[in-house]
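Per-entry structural report
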Amino acid sequence: MATISQEMDPAQAALLDRVDPAVLEEQPLVTNNRDFNWVTNKICGIVEAGTPTWWWVCMAVALATAAFTGMGLLWLVSSGVGVWGLANPINWGWAIVNFVFWIGIGHAGTLISAVLCLLKQGWRTSINRAAEAMTIFAVVCAGIFPLFHVGRVWFAWWLFPIPNANGIWPQFRSPLEWDVFAVSTYGTVSVLFWYMGMIPDLGTMRDRAVQRLKAGAYEGATEYKRKFAEGFDVFRKYFYGIFAMGWRNAGNHWRNYEMAYLVLAGLSTPLVLSVHTIVSFDFAVSVLPGWHTTIFPPYFVAGAIFSGFGMVMTLMLPLRAIFGLHDLITQRHIDNMAKICLGTGSIVGYAYIMEFFIAWYGANPYESFAFINRAFGQYWWAYIMMFSCNVFTPQLFWFKKVRENWALVWVMSILINVGMWFERFVITVTSLANDFLPSSWGYYSPTIVDIFTFFGTFGLFSVLFLLFIRFAPLMPIGEVKYVMPQGDPHGHHAAEKGGHH
Amino acid sequence: MNESELSGPRYWKSLDDLAETPAFRDWIEREFPAGASEIEGVNRRHFMKIMAASFGLAGLGMAGCRRPEQMILPYAKQPENVIPGVPVYFSSSMPAPQGHIPVIVETHQGRPTKIEGNPSYHPYGGATDGYTQASILDLYDPDRATKSRAAGAAISSTAVRDRLAELSRAHSADGGKGLVFLAEPSASPSRARLVQAIQAKFPAATWAEYCPIDLSAAERAAAKVTGQALRCLPKLERAKRILAIDADFLGKDGDIAAARGFSKNRKVKDAQEASKMSRLYAVESGMSNTGAMADHRLRLATSQMGAFVVKLALELGLSLPADVRESADSLELDANWVAECAADLQALPGESLLIAGPHLPESVHALIMVINDRLNAPVDYVDVPAPAAGIEAVAARLAQGVQTLVILGGNPVYDAPADLDFKALMAKADESIHLSYSYNETSAEADRLIARSHYLESWGDGRTRDGMLVPVQPMIEPLFPAFNELEVLARIAGETETEPYAIAKTTFAAAGGKDYNKFLSDGLLLNSAYPQRTLSLNPRSLAAALAAGELTAPQLSAGSIEVRFEASSHAYDGRYANNGWLMEVPDGMTKLTWDNAILISPRLARELQNEQGIQIFPGSKPMNQQDGFFESAKGNVQKNKAQFNRGKEAAVLAELTLDGRTIKAPIHVVPGMANYSVILPLGLGRTEVGRVGKGVGFNAYTLRSSNGMGAALGAAIKLTRETYRLANTQEHWSMEGRAIVREGTAKYYQEHPDFANEMGVESHAPANYGKDDSKSLQEKSTQQFRGGSAYEHPEFSGPPPNVNIWQGNEDKFPRTQQWGMAIDLNSCTGCTACVVACQSENNIPIVGKDQVLRGREMHWMRLDRYFSAAEYKSDEVPEDVQVSFMSMLCQHCENAPCESVCPVNATVHDRQGLNTMAYNRCVGTRYCANNCPYKVRRFNFFDWNKRQIGDFYKGPFGAVDEPELEKMRANPNVTVRMRGVMEKCTFCTQRIEAAKIDQKSKAGASADIHVPDGKIKTACQQVCPTDAITFGDISDPDSEVSKIKASDRNYSVLGYLNARPRTTYLARLRNPNPKMPDAYKKPYAYSAYKERYGNAPKTSEAHGEAHMDAHTDTPLAH
């Protein structure tokens, strides 16, 4: 500013001096001026503290719920796929809907960890670990459905290209075969990414346990309690020690780590797009009106990110409240996630409308019927659920007041996922129910086994997530520190001057 | 069994046997004759025991045709003509109400597996009907009567024989005064001979015959008019103008000859031949297959038919008595319809024909006989034996009390007229004996049950409808100790000859037959038909035969409804009530399975709905009703159907009251029915029946009394608030204007020979084959031009890539035959026999009502039925409809959408162009079924074959074992599919392979390995009475199928998808008479297509029609 004013005439300079430009303060990613130590203590403390009672309650409920999936699958395998509501012509029902739903949820994790990493979005750091965990657990839940929906699950391994005596290979033209590769690759890379990102923190966890053991200063009311705490630290020493793979916080470790992280981010980024693109091929490659649509890949990916961020918010907001993480998951994080939901939700809404336009513009009577029927036929209620949850709900995120009301945001994030489940239902079921020949039109309704099996996967997901928050550091400690004001010397300097650059 | 019955040399198994110790006798009694039937069904252990026992008994005179020993021991010496794995075919015939149906039975190691028509009998040309196809299942019915019973306890065969001999002795003293017989009508000359013997021996005995579906009204009418019983055999192949008076001669009332003859004049090779097509007028109360085929159809109540025929007779210039003439005034009708129809009939004398429904009163039949005579109609009249006394005679005798009532077959307690109260009457007999194949309502009331053998286990004979003598041969020794009707009669008559074989042989000799073995192998005796008579009408007896009362039309209304009783397509008169195939095969018109329903017209339904305030049709106003947006988007969601609740028809239960008797049954609305006629299908609602028929449908016999056997007046319907689920396999009746079944009129076809290919999306799209579109079918089938497809096609023109051929000799490599099918929609009458034949040939399981409700029926072939109306209204079920049938089966697409999506290569193409299913490889992703545009793939959601109906959901708690008896029915050449795999039509690949093997063994070293055309017949093709289905090698331009596919009416369903189906259809033609008041320029289906998808301008109805014509005159101008 000073240099500019030197070249101006004094009158103008005087005028300019009186200008008081609005200061667009970038919200810090860790608020309340916390220091590094606080961050470490906060994150590690969640794992190191004693198991809270609510955790046990949640775990019990989650296990009981997960048992529904177990029972449902047992019944399914012992009787036949007929225990589900499938029939001709609707040969794919809830199982595929649930599969796409869970896979979609799994999208946010990789997007946050890979794409946002490459785009140098600092706000990703406090949510990426949990989001990645969510991804992996969602893929686990998703994987159950395509595996068990086949008629003879004991032969499902035929989908893998394993050399066998029959000399028969899988059929590489089938989108289901692509699914096998896409989902297994995605699952593998997600686990790798998640685990690798966790190594420095596992080292920290190990070191903290070792330090406590060395100090030997265990406080506790009774001897028994002190021994108990010490025993846990012994366990941590070895448990985290093994998984930390010899991490010593050395400079070259950090250098290698950063490089590997970047490489994995680069590898995962195409996967974010490919998985759901390939899942959408399950539909788009078929000849069915309502499925055979070229808009599906981008539409599915946007929808997946949409639902994934919905799920991240569904999980993170309660965690934030329970563990008091308001300084780490700030309003800025919520704002950003809400904005992504708004953006992707709008893309999805655009796709819904564009489908109609193309159906009309394409002048194919079968296709135009498929879309009219989708919205106004026997499944109109599902369409309304989908449209209102996915298109109208995120539009509220335009308003700051809405974004700041985290209870409302949480409710909306759940609505987003309800809507996205219905989207998959609408696509899968309505297209199958009324296709080419009216003589074989039918109606699909799920059975109790369908419902319980799906319901149970939320239990399974919860079990895994509860284990995660109990045993793994919820956030990457090092990376959170990196985006703290203290971690950025220039930013720190500018902040002192009260300006920005 | 006594000593004199021992046949064959005496062998002994043990010293006990030789000494005939009581213990050994006891063992036989316990192990075989009684033990064989002691359990419900047969399990594997027990079956082995039976087989072992039959070994033991082989020397004791039980040696017969059953050869289970082949299954467990190799032959020490190979019997002649028995090669394991190669089926043996025997001729026989099936006793049917219309006369015997000559059949050829396929047997595998002494085990009948499939029934086909005997092509030597030319009127049927090798075709059969659905009942015949399904009759084989009854043989292996675990619920059949497996033993004779007396007072509830099982008795041995010897005891039965003793009792019959006793009976004969006891009644011979007084000439059979206390003896009453009630039998089913039979066309067996042997039985007729034995009946004569009985009447000679017991002159005072009563012999009566009863069948709930009476087919003899025309014969009785002829007896009144001409003095002798005559059977009218219409020669439909010579008829150009046919008027069916409430006659479903192509369906329930007809025989195969009628459908076959009719179709001969409906087959149109090219546009020039269209003018030769016959024209069918139908006047009917229900919506029948005949009505579906009709070019003009008039809805009229059955009780008004008489008046209609009188009007027609007057129009044709017949002179009738005054009271009869006046009776015509009672009917209000479009006079033009009758006048123009009469004029059309008169215009072609000698080629016009009237056919009357068998349930119509005798006066109508008499009058039609006269009209046919006036028209010089192509009808043969043949002498038939005079009908025996009816059930009323038995009732009269029983009322006085009789000593012995012998009921031979049938089920009068269930199906006798309700006013007779046969159950109570039967109790008046001192002893009642029932010869029955199954334990039914009558058996439950009888003192003694004699288990009857199946016709596939019996010797006998019979006559076809036109009187030709045909044999009944056993294919297998009776599976259970059962009796043949001939033996029972012979023993009662005290004949010395009691073996049915000997009886039939003697009858054959008496009928002038020479070579019995040739008769058995031919399956018929030529020139043995009933003698023909020229009709000599006696005007005086004619006048007497015409009762004005039967010809006067009553007034009908929603409060006074006419009830029609009709054989059900599932159980006929009740005899097939335990036949799972027939229960599950959808009714041709209603598409209902596992049920019958009160069939009512849309008008009556609406009136009842308005009057009684109970919804029959869906109540809510459809969201898209009369909305311009939907019109312009060409989407219209049909709401005008029955109430469907989650895909399951929720039919309103109604109470129907007739003459003070009430039944409660579900209502099903059928378009095209006469306004105030309702149809009650008979034969269901059985109470004493096996596991299959239990709880299926309602019993309409309880309403039927002797004065209204065909139709009764004065019924009332009261709707209830209850609903009942009907297992309907087709929810949607409208084709939605899609070009699926393509139809034109004969005239339009003459003007636009290519009309069928100017319909559908493909008519607006580039050709699938691109620049190769003009290549011949043969080239296309072997070269597989890619056109616009990204899908790599195999080449079938040369050797496969893994076969080495001498260079330069590739052309000498034998061309692989390319299989294809053509279905002529103009010939298909929707009789549904193909569906049952396919089920029988391909081991297709039944799944039960619950699973059909869920939409899991397994039929590889289905018969789609669409209704179309002159004007489509999305909120109303039409009253006048045209019906279109389309048999839908795997189309064997060259670009099969199912193949490219299977992740495990389970469904693949072979070099013959077949889309094959490798069941072993299938993991059951069901993606193929989703991607099949024709929805013809069927998935085994459960172990249909191993689990019993009702046990599907039991998981580890249900039995997983197929009863041995049911297993015996299976075709060994077709895999029985397990759960979790997909299945579908294979073009009967087992038949193709058998023919290829046969040809290769014939060819020897020569290269002549091509199966000759016509050698392979798929099961559906073989059974088709109208030859609507043609199968063969499409790479051979001279094959029948290639010639048919060359027709300009040939089209592919959904051709635009470029799936290139190997199954194509010939568009249907209708032949309206332009002078008729209900004439139409285009079939309704075609108009609907043009209106909704055919680029016709959106204008008002009248304008649209005119515009449409102008538009279609230049079809390429869009």
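Please refer to the structure higher up on the page.
All of these numbers come straight from a predicted model, not from anything done at the bench.

**A look at the pairing of strand β31 (residues 881-888) of chain B**
Successive residues of a regular strand alternate their side chains across the two faces of the sheet. All names here are of chain B. Most of β31 is tucked away, with eight of its eight residues classed as buried. Of the two faces of β31, both are covered, the one formed by V881, V883, F885 and S887 as well as the one formed by Q882, S884, M886 and M888. As judged from the eight bridges shared by strand β30 (residues 862-869) and β31, these two strands associate in the antiparallel manner. If you follow F867 over to β31, its bridge partner there is V883.

**Focus: the interface of chain A and chain B**
Tallying the contact residues gives 63 residues for chain A and 74 residues for chain B. Between chain A and chain B lies a buried interface of about 5,800 Å² when both sides are counted; carbon and sulfur atoms form 58% of it. Connecting chain A to chain B are one salt bridge. Across the pair K935(B) and D435(A) runs a salt bridge, and its minimum N-O distance is 2.9 Å. For the interface between chain A and chain B, the tally reads 36 residue pairs in polar contact (both at pLDDT 80 or more). For the side of chain A that touches chain B, the secondary structure elements donating two or more residues are α4 (53-79), α8 (175-215), α10 (251-284) and α13 (365-376) of chain A. The element that contributes the greatest number of residues to the side of chain A that touches chain B is α13(A), accounting for seven residues. Partitioned by chemical class, the residues of the side of chain A that touches chain B number 37 nonpolar, 21 polar and five charged.

**Brief notes about the sheet that holds strand β3 (residues 112-117) of chain B**
Residue and element names in this part refer to chain B. One open sheet holds the three strands; their spatial order is β1-β2-β3, and the pairing between them is antiparallel. Edge strands, defined here as strands with exactly one partner in the open sheet, are β1 (88-94) and β3. Averaged over all pairs of adjacent strands, the angle between their axes in this sheet comes to 30 degrees, without regard to strand direction. For β1 and strand β2 (residues 101-107), the ladder comprises seven bridges, and the chain directions are antiparallel. Following the sheet pairing, S91 is matched in β2 by I104.

**Digging into the sheet that holds strand β9 (residues 241-245) of chain B**
Residue and element names in this part refer to chain B. Taken in spatial order, the four strands make up an open sheet running β11-β10-β9-β12, and their pairing is parallel. What marks the edges here is a single partner per strand, and that holds for β11 (296-299) and β12 (352-356). Taking the axes of each pair of neighbouring strands and ignoring which way they run, one obtains an average angle of 10 degrees across the sheet. In terms of strand pairing, strand β10 (residues 279-284) meets β11 through four bridges, oriented parallel.

**Some words on the pairing of strand β38 (residues 1063-1066) of chain B**
All names here are of chain B. In β38, alternate side chains face the same way, and those of T1063 and Y1065 on one face and T1064 and L1066 on the other are all buried. Taken together, the four bridges between strand β29 (residues 819-824) and β38 define a ladder with parallel strand orientation. Residue I823 lies in a different strand from β38, and its bridge partner there is Y1065. Bridge count for strand β37 (residues 1050-1051) against β38 is two bridges, and the pairing is antiparallel. Bridge pairing in β38 places Y1051 opposite Y1065.

**Focus on the packing of aromatic side chains**
Residues and elements named next belong to chain B. Taken as a whole and assessed by the stated rule, the structure comprises 93 aromatic pairs over all chains. Judged by centre distance (5.3 Å) and plane angle (80 degrees), the ring pair of Y131 and Y572 falls under edge-to-face. Note that Y131 is positioned in helix α5 (residues 130-139) and Y572 in the loop between β20 (561-567) and α24 (580-584), a separation of 441 residues in sequence. With a relative accessible area of 17%, Y131 lands in the buried category.

So, how was this worked out
- Residues numbered from 1 in each chain as written.
- Chains lettered and ligands numbered in written order.
- Predicted model: local features only at pLDDT ≥ 70, side-chain atom pairs only at ≥ 80, totals over all residues.
- Heavy atoms only, no water.
- Buried < 20%, exposed > 50% of the residue type's maximum accessible area, 1.4 Å probe, protein only.
- Helix = DSSP H or I, 4+ residues; strand = E, 2+ residues; numbered from the N terminus.
- Pairing = 2+ DSSP bridges.
- Contact = heavy atoms within 4.5 Å.
- Buried area = accessible area lost by both parts, 1.4 Å probe.
- Salt bridge = Lys/Arg side-chain N within 4 Å of Asp/Glu carboxyl O.
- Polar contact = N/O pair within 3.5 Å; in protein donor to acceptor, adjacent residues only side chain to side chain.
- Nonpolar A, V, L, I, M, F, W, Y, C, P; charged D, E, K, R; others polar.
- Axes fitted to C-alpha atoms, helices over the stretch in contact; angles between N-to-C directions.
- Phe/Tyr/Trp six-rings, centres within 6.5 Å; stacked < 30°, edge-to-face > 60°.

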